[in-house]
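Tertiary structure, described
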Amino acid sequence: VQLQAFGGGLVQAGGSLRLSCAASGGTFSSYEMGWFRQAPGKEREFVAVISWSNDSTYYADSVKGRFTISRDNAKNTVYLQVNSLKPEDTAVYYCAAGRIYYRPNYYYSRKYDYWGQGTLVTVSS
């Protein structure tokens, strides 16, 4: 599975972006799709995940209520709508795919098999 993330950019605090991740080369609908981010000098952290069945979503506490993950299996694409952005949201955002099927493992980057190249989100104050 190949993943390509795009949609990042420079935005002022309080602004919004829509990140997209297009998948190819696999059965997209069979994968949990997650978003992670990595800020400069920090470890990669979980942001959000949507189940393969498209009926469950989970978020990091730091983004709950501001970010929304969704998927369109017909387009092999997962989205991350990011609203009310804060300077601390500045990071490279990565999409990831994995056949995890076990909720407690959704939050661990090592459980995902495929990764996109990342898209940079910069939030200015």
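The structure this text deals with has already been given above.
Residues numbered from 1 in each chain as written. Predicted model: local features only at pLDDT ≥ 70, side-chain atom pairs only at ≥ 80, totals over all residues. Heavy atoms only, no water.

Okay, the state of the cysteines next. Tallied over the full model, the rule gives one disulfide. Residue Cys-21 pairs covalently with Cys-95 via a disulfide, S to S 2.1 Å. In this structure, the disulfide formed by Cys-21 and Cys-95 twists by about 60 degrees around the S-S bond and is classed as right-handed. On the criterion of sequence distance, the pair formed by Cys-21 in strand S3 (residues 17–24) and Cys-95 in strand S9 (residues 91–98) is long-range, its members being 74 residues apart. (Disulfide = S-S within 2.5 Å. Helix = DSSP H or I, 4+ residues; strand = E, 2+ residues; numbered from the N terminus.)

Bringing the side chain of Arg-66 into the picture now. Within the secondary structure, Arg-66 is located in the loop between strand S6 (57–59) and strand S7 (67–72). Accessibility expressed as a relative area gives 10% for Arg-66, which makes it buried. Once residues lying within four places of it in the same chain are set aside, the contact partners of Arg-66 are Gln-81, Val-82, Asn-83, Ser-84, Leu-85, Lys-86 and Asp-89. (Buried < 20%, exposed > 50% of the residue type's maximum accessible area, 1.4 Å probe, protein only. Contact = heavy atoms within 4.5 Å.)

The biggest cluster of nonpolar side chains holds 38 residues, and the ones touching the most others in it are Met-33, Trp-35, Leu-80 and Tyr-93. Ignoring sequence-local partners within four residues, the contact set of Leu-80 consists of Leu-17, Arg-18, Leu-19, Trp-35, Val-47, Ala-48, Phe-67, Thr-68, Ile-69 and Tyr-93. (Core = buried A, V, L, I, M, F, W, Y, C linked by side-chain atoms within 4.5 Å.)

This brings us to the sheet that holds strand S1 (residues 2–6). Read from one edge of the open sheet, four strands run S1-S3-S8-S7, paired in antiparallel fashion. Sheet topology places S1 and S7 at the edges, where each strand pairs with a single neighbour. Neighbour-to-neighbour, the strand axes of this sheet turn through a mean angle of 15 degrees, independent of strand direction. One ladder, built from five bridges, connects S1 with S3; its direction is antiparallel. Residue Ala-5 lies in a different strand from S3, and its bridge partner there is Cys-21. (Pairing = 2+ DSSP bridges. Axes fitted to C-alpha atoms, helices over the stretch in contact; angles between N-to-C directions.)

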